[in-house]
Amino acid sequence: MLTKVCGWGLFATEAYPVEIEVDVTRGLPFTNIIGLADTAVKESKERVKAAIKNSGYKWPSEKITVNLAPSDIRKEGSYFDLAIAIGILGSSAQINTKYLEEFCFLGELSLEGALRRISGALPIAMAMPNRKIYKLVLPIANAKEAALVEQINALPVSTLCEAIELLHNPEFRLPYKLDTCGIFKQGAVYPLDFSEVKGQFLAKRAIEVAVAGGHNILMIGPPGSGKSMLAGRIPGIMPQLTLQEALEVTKIHSVAGMIDSEEGFIGRRPFRNPHHTASNIALVGGGSSIRPGEISLAHQGVLFLDELPEFHRDCLEALRQPLEERIIRISRANKFFTFPASFMLVAAMNPCPCGYLTHPKKVCRCGTSKVQNYIGRISGPLLDRIDIHIDVPAARYQEFSSSLPAESSADIKKRINKARSIQLGRFQNENIFHNAQMNHKQVRKFCFLGKDENELLKSAITELNFSARAYDKILKVSRTIADLAGSEDIKTEHLSEAVQYRCLDRNF
């Protein structure tokens, strides 16, 4: 007897339907899984066999053939356990298959018949309406993320027996409902606040400018100056995620298997902080089983690279494409994959190998050549994509011991939201969203300078020996500073401040 069950597979972030065909016929007892299945899928027959027996059903003592169609796409993971078990029980006439075509089944089975969570439930749920399939049976641990898709009836079950009962009696379990708006607001709360950072007023101002315009920023300072502390609080002052952006972020983390089953949703800007020993694949993504890397996990949030010169050269160069195009492409022999990668790069580094070149009291042990070699580990094309680089001096005792309250993230965020709204109005017909995304033509259009401002910029470029690439960067940052001030025109004070945010060009 032949039974067909609807399942879904996942390839990177792309979900695709898989029809599980199960045929139980006379012959020597043998189970064969075909359809370009990987090792994890082929091993599922042992899990399914034990789960069926331990759930009180009989394993057929006949020839069992399981086909995963389409056969030209490689099937990976443990998504198909539940669907295969349902197909075998249906083909051996142990369960009612009257309503089978109305459901889609996902889940990994334990040997006792319990359902374990899977990764990637959200992208599968998002793809189902396109195929006119609306009932999804899946593990309880994945219920919240699947229920984010309003068109889908997420039907969570904890065991194989519950899934079978659902087939016999479709009213056995009501669809899981989720208060998306309530969870979205609750998840948007960020635990770290700028009010906890004492001193470093210039660095805070530079970070505010960077976030307001979507600019990438590099902080340079001695150990213990507070670079990591400042970076960790940046997501708290970024504009609130929209619901669509939150779904994009949750989708990527779902594929990576990083969704908390209790929350099931990511409502705040992500903050990723990979170690400087991270490999190229860990940063970019890929591997034998294609998974998003740190670049994609930071989508719509912050990618913080501490000790920037210590990262492998190929890892740093891999940042160039996503910083420019806001996506990351991973090529394979027969296919290429695209992951979203729209993030704000926040980097930190010491001014020299020992870290004390700019320290007011400690003596630097590095020679000029060592300092130049250390800075030279960061290539020019990468620096081209960093609009702001600032000095973060060692904190003074009077600052961090002060009892005076520092400005909160909420106050800073209000100014940033106001500046962002100005930019959204300016770029409504330009297909960009903030100042950092302007190309050369748009810089000329939206960053017009008066006579005095032109003279000031000419002096800065000439006397401070700025490179040509710094020209557009200064104009973009000046435009953001003017937006924060509520000014339609870029004035000399805005240009002067922007020039201060090019410390690498000035000092090295």
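Notes on the structure in this doc start here. Here the structure is a predicted model, which means the values were calculated and not measured.

## Quick look at the overall build of the protein chain
When helices and strands are tallied, the protein chain shows 23 helices and 18 strands. C-alpha atoms of the protein chain, sized along the principal axes, occupy 90 × 50 × 45 Å. Out of the 508 residues belonging to the protein chain, those deemed buried represent 53%. Long-range pairs, those at least 24 residues apart, make up 73% of the contacts in the protein chain with a sequence separation of at least 6. For the protein chain, the computed accessible surface area is about 22,900 Å², with 51% contributed by carbon and sulfur atoms. Computing the positive centroid from 62 side-chain charges and the negative centroid from 55, the protein chain places the two 2 Å apart.

## Looking at the sheet that holds strand E17 (residues 344–349)
What the five strands build is an open sheet, ordered E11-E14-E17-E10-E18; its pairing is parallel. Looking along the sheet, the strands with just one partner apiece sit at the ends: strand E11 (271–272) and strand E18 (388–391). Across two bridges, E11 lies against strand E14 (residues 302–305) in parallel orientation. Note on E14: the bridge partner recorded for phenylalanine 271 is valine 302. Here helix H8 (residues 201–213) sits on the sheet and contacts strand E10 (217–220), E17 and E18; the angle it forms with E18, its principal contact strand, is near 170°.

## Considerations on the nonpolar core
Ile20, Ile86 and Phe105 are the most contacted members of the largest nonpolar core, which totals 105 residues. Per-element accounting of this core gives the leading share, seven residues, to helix H3 (residues 81–91). What isoleucine 20 contacts, discounting residues up to four positions off in sequence, is Thr3, Lys4, Val5, Cys6, Gly7, Val66, Asn67, Leu68, Phe80, Ala83 and Ile84. Counting residues in hydrophobic clusters, the runner-up holds 49 residues, among them Met219, Ala460, Val499 and Tyr501.

## Let's talk about the packing of aromatic side chains
Remark: the centre distance and the inter-plane angle together describe each pair of aromatic rings, the angle taken between the planes. By the definition in use, this model includes five aromatic pairs. Judged by centre distance (5.2 Å) and plane angle (70°), the ring pair of phenylalanine 11 and phenylalanine 337 falls under edge-to-face. Of the two residues, phenylalanine 11 sits in strand E1 (residues 2–11) while phenylalanine 337 sits in strand E16 (residues 336–340), which places them 326 residues apart along the sequence. Neither phenylalanine 11 nor phenylalanine 337 differs from the other in exposure class; each is buried. The interplanar angle of 25° and the centroid separation of 5.9 Å between the aromatic rings of phenylalanine 271 and phenylalanine 304 together place this pair among those described as stacked. Of this pair, phenylalanine 271 sits in strand E11 while phenylalanine 304 is found in strand E14, placing the two residues 33 residues apart along the sequence. Accessibility expressed as a relative area gives 26% for phenylalanine 271, which makes it partly exposed. Taking the ring centre of phenylalanine 427 as reference, the NZ or CZ of arginine 426 above it sits at 5.5 Å.

## Concerning the pairing of strand E15 (residues 327–331)
On E15, burial follows the alternation: Ile328 and Ile330 on one face are buried, whereas Ile327, Arg329 and Ser331 on the facing-out side are not. Where E15 lies against E16, five bridges are found, and the strand directions are antiparallel. Considered in E16, the bridge of serine 331 is made with phenylalanine 336.

## Things to note about the pattern of salt bridges
According to the stated counting rule, one finds 21 salt bridges in the structure shown. When the shortest N-O distance is used, the salt bridge between glutamate 317 and arginine 320 registers 2.5 Å. A salt bridge links aspartate 387 to lysine 473; the nearest nitrogen and oxygen atoms lie 3.3 Å apart. Taken together, the residues aspartate 387 in the loop between helix H16 (380–384) and E18 and lysine 473 in helix H21 (residues 469–484) connect sequence positions 86 residues apart. Assigned by exposure class, aspartate 387 and lysine 473 land together as buried.

## Remarks on the environment of serine 496
Here serine 496 shows up in helix H22 (residues 492–500). Serine 496 gets classed as partly exposed once you look at its relative accessible area, which sits at 31%. The sequence separation of serine 496 and alanine 460 amounts to 36 residues, and the corresponding C-alpha distance is 8.8 Å.

## A closer look at the packing of H8 against helix H18 (residues 409–426)
Direction vectors running N to C along H8 and H18 enclose 35°, while the axes themselves pass 8 Å from each other. The element H8 and its partner H18 pack so that their crossing is right-handed. Contacts from Glu208, Val211, Ala212 and Gly213 of H8 reach H18 at Ile412, Arg415, Ile416, Ala419, Arg420 and Gln423. Residues belonging to the contact of H8 with H18 are distributed by class as follows: five nonpolar, two polar and three charged.

## Things to note about the side chain of asparagine 350
Tracing the sequence through the fold places asparagine 350 in the loop between E17 and helix H15 (368–375). A relative accessible area of 9% places asparagine 350 in the buried class. Not counting the four nearest positions on each side in its chain, asparagine 350 is found in contact with Ile220, Gly221, Pro222, Pro223, Lys227, Glu307, Gly355 and Tyr374.

Conventions and cut-offs
- Residues numbered from 1 in each chain as written.
- Predicted model: local features only at pLDDT ≥ 70, side-chain atom pairs only at ≥ 80, totals over all residues.
- Heavy atoms only, no water.
- Helix = DSSP H or I, 4+ residues; strand = E, 2+ residues; numbered from the N terminus.
- Buried < 20%, exposed > 50% of the residue type's maximum accessible area, 1.4 Å probe, protein only.
- Contact = heavy atoms within 4.5 Å.
- Areas by Shrake-Rupley, 256 points an atom, 1.4 Å probe, with all protein chains shown as cover.
- Lys, Arg positive; Asp, Glu negative; His and termini not counted.
- Charge placed at Lys NZ, Arg CZ, Asp CG, Glu CD.
- Pairing = 2+ DSSP bridges.
- Axes fitted to C-alpha atoms, helices over the stretch in contact; angles between N-to-C directions.
- Core = buried A, V, L, I, M, F, W, Y, C linked by side-chain atoms within 4.5 Å.
- Phe/Tyr/Trp six-rings, centres within 6.5 Å; stacked < 30°, edge-to-face > 60°.
- Lys NZ or Arg CZ within 6 Å of the ring centre and 35° of its normal.
- Salt bridge = Lys/Arg side-chain N within 4 Å of Asp/Glu carboxyl O.
- Left-handed = near helix turned anticlockwise from the far one by under 90°.
- Nonpolar A, V, L, I, M, F, W, Y, C, P; charged D, E, K, R; others polar.

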